[in-house]
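# Secondary and tertiary structure notes
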There are 2 protein chains.
Amino acid sequence: MAFHALSRLTPRAREIVQTARQLLEQEGPDALSMRRLGAQLGIRASSIYEHLRDKQALEAALISVGFEEQAELFAQAVRRSDTPIAALAAAYRDFARRQPNLYRLMTERPLRRDLLASGVEEAAAMPLLEAAGGDRERARAIWAFAHGMVILELNQRFPPDADLDTTWRKGIDALHGAG
Amino acid sequence: MAFHALSRLTPRAREIVQTARQLLEQEGPDALSMRRLGAQLGIRASSIYEHLRDKQALEAALISVGFEEQAELFAQAVRRSDTPIAALAAAYRDFARRQPNLYRLMTERPLRRDLLASGVEEAAAMPLLEAAGGDRERARAIWAFAHGMVILELNQRFPPDADLDTTWRKGIDALHGAG
DNA sequence: AGAATGTCCTAACGGTGTTAGGTTAGCGCC
DNA sequence: GGCGCTAACCTAACACCGTTAGGACATTCT
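Here the structure is a predicted model, which is why all the values come from computation and not from measurement. (Residues numbered from 1 in each chain as written. Chains lettered and ligands numbered in written order. Predicted model: local features only at pLDDT ≥ 70, side-chain atom pairs only at ≥ 80, totals over all residues. Heavy atoms only, no water.)

The full set close to DNA strand D counts 19 residues, and R44 of chain A together with S33, M34, R35 and Y49 of chain B are the nearest of them. Looking at DNA strand D alone, sugar and phosphate atoms form 54% of those within 4 Å of the protein. Contacts to DNA strand D include S46 of chain A, whose side-chain N or O atom sits 2.9 Å from a base oxygen. Taken together, the elements giving at least two residues each to the surface near DNA strand D come down to helix 3 (45-48) of chain A together with helix 2 (34-41) and helix 3 (45-48) of chain B. Sorting elements by how many residues they give to the surface near DNA strand D places helix 2 of chain B first, with three residues. In terms of residue class, the surface near DNA strand D is built from five nonpolar, six polar and eight charged. (Near = heavy atom within 4 Å. Polar contact = N/O pair within 3.5 Å; in protein donor to acceptor, adjacent residues only side chain to side chain. Helix = DSSP H or I, 4+ residues; strand = E, 2+ residues; numbered from the N terminus. Nonpolar A, V, L, I, M, F, W, Y, C, P; charged D, E, K, R; others polar.)

As a further point, take the UniProt feature "domain: HTH tetR-type" (unreviewed entry) in chain A. The UniProt record annotates "domain: HTH tetR-type" (unreviewed entry) at residues 10-70 of chain A. Between the end C-alpha atoms of residues 10-70 of chain A there is a gap of 23 Å, over a span that is 74% helix and 0% strand. (UniProt positions renumbered as here; feature names shortened; annotations may be inferred.)

We now examine the packing of aromatic side chains. Scanning all chains against the criterion turns up eight aromatic pairs over all chains. On the numbers, 5.7 Å between centres and 85° between planes, the contact of Y92 of chain A with Y103 of chain A is edge-to-face. In this pair, Y92 of chain A sits in helix 5 (residues 84-98) while Y103 of chain A sits in helix 6 (residues 100-107), placing the two residues 11 residues apart along the sequence. We note that Y92 of chain A, like Y103 of chain A, is buried. Ring centres 5.6 Å apart and planes at 80° place the aromatic pair W143 of chain A and F158 of chain B in the edge-to-face group. Placement of W143 of chain A in helix 8 (residues 136-154) and of F158 of chain B in the loop between helix 8 (136-154) and helix 9 (164-177) is noted, with the two residues assigned to different chains. We classify F158 of chain B as buried; its relative accessible area is 9%. (Phe/Tyr/Trp six-rings, centres within 6.5 Å; stacked < 30°, edge-to-face > 60°. Buried < 20%, exposed > 50% of the residue type's maximum accessible area, 1.4 Å probe, protein only.)

So, on to the relation of the copies chain B and chain A. The transform that puts chain B on chain A rotates by 180° and translates by 0.0 Å along the axis, for an RMSD of 0.0 Å. Here the two chains are linked by the operation of a two-fold rotation axis. (Least-squares fit on C-alpha atoms with pLDDT ≥ 70 in both.)

Let us look at the interface of chain B and chain A. Residue-level contacts link 37 residues of chain B with 37 residues of chain A. For the chain B and chain A pair, buried surface summed over both sides reaches about 3,200 Å², with 58% attributable to carbon and sulfur atoms. When the area that chain B buries against chain A is broken down by residue, the three leading residues are E137, R140 and R157 of chain B, summing to 22%. In this assembly, chain B and chain A are joined by two salt bridges. Between R109 of chain B and E108 of chain A there is a salt bridge; the shortest N-O distance is 3.8 Å. At the boundary of chain B and chain A, one finds 10 residue pairs in polar contact (both at pLDDT 80 or more). Broken down by secondary-structure element, the contributors of at least two residues to the side of chain B that touches chain A are helix 6 (100-107), helix 8 and helix 9 of chain B. Among the elements that line the side of chain B that touches chain A, the one with the most residues is helix 8 of chain B, at 12 residues. (Contact = heavy atoms within 4.5 Å. Buried area = accessible area lost by both parts, 1.4 Å probe. Salt bridge = Lys/Arg side-chain N within 4 Å of Asp/Glu carboxyl O.)

Turning next to the protein's contact with DNA strand C. Around DNA strand C sit 18 residues, and of these S33, R35 and Y49 of chain A together with R44 and E50 of chain B come closest. Sugar plus phosphate: this is where 52% of the atoms of DNA strand C within 4 Å of the protein reside. Between DNA strand C and the protein, one listed contact pairs a base nitrogen with a side-chain N or O atom of E50 of chain B at 2.8 Å. Sorting the residues of the surface near DNA strand C by element identifies helix 2 (34-41) of chain A together with helix 3 of chain B as the ones contributing at least two each. Per-element tally for the surface near DNA strand C: the top contributor is helix 2 of chain A, with three residues. When grouped by side-chain class, the residues that make up the surface near DNA strand C number four nonpolar, six polar and eight charged.

Below, the structure is given as structure tokens:
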């Protein structure tokens, strides 16, 4: 999965992006340097530029893959549950905890939408919008809550003894019915 | 205001932090390099290390100032309004929009609490906890929503035509009464 | 006077993204 | 067989980054 977002890239570029993803997730954001990535691939940093325009393009490819995987996971979550909003919340948190560095990369700066694979951002957002009955207002509020919960958790901003499952449940419940 | 957080620093270190703050807010996060900061002060980057241990310490000082100002603004907001949660939400958003780069610095990574001025994080959190009637669960949910709204707005993740005032109002209303 | 302190300096180390320009291997084609 | 083209890699360099070692002052304290 998650190869369609890279379909515009050459095979070698795809390999590089896959390697970059492993490097990012396994060794953290500082490891995602052109030199470290080159070393992982057995080539020099400058050779990467034959395959990807620059680091921004590499990051955009990683973000595109992330959105595509989110879209798939979120659609699945809705399909498998009869409480779609709750299922989406769980899937959202799960994605971020499993791949915190990719999640951060996807959310910590304004998106270079011109560099993303087309449609992936919308595809990731669609399941929630549908689960909210097409109510964009409600979908946005739920998304903001979910992102806030996730990123504050990843950044260890809650006290260690905080019961985040409960906070999630209460928050989602409250926002769920809000008109 | 916002000098108490720096009271542990020498006068020269305080000047440096103040300059750093202007540099960060006026020229963006990339401008906050030791060399650029030195240039702004008319000294070499290496001279900064006479006054601050390293860049982390500089950032921790900036973050401490940010928390201290938040604490003051939030306390004021509660004092001046009879709908404290709504007032806090407005003050929270206002702080972030006025100083987006400082807000990002304060929230985008795990806190080095050992480097912060003591008590400032708690002081900033206190007004909301009190406005939530001491209900930590509720305070956390509201905080997560507020941070999510703010950071997604700063990162231009909502469509340009989104009515964020309404999203804020509905979200806060919903989370307000939630038990 | 002499010591200590505060403040700055130059020079360097290893790291970053990126570009210019050069090499080699393999392929299609006359 | 040899020509040209392309893909993939290379070295060397540029300007930046955080940081440290070691040295030069000028002011202040004893």
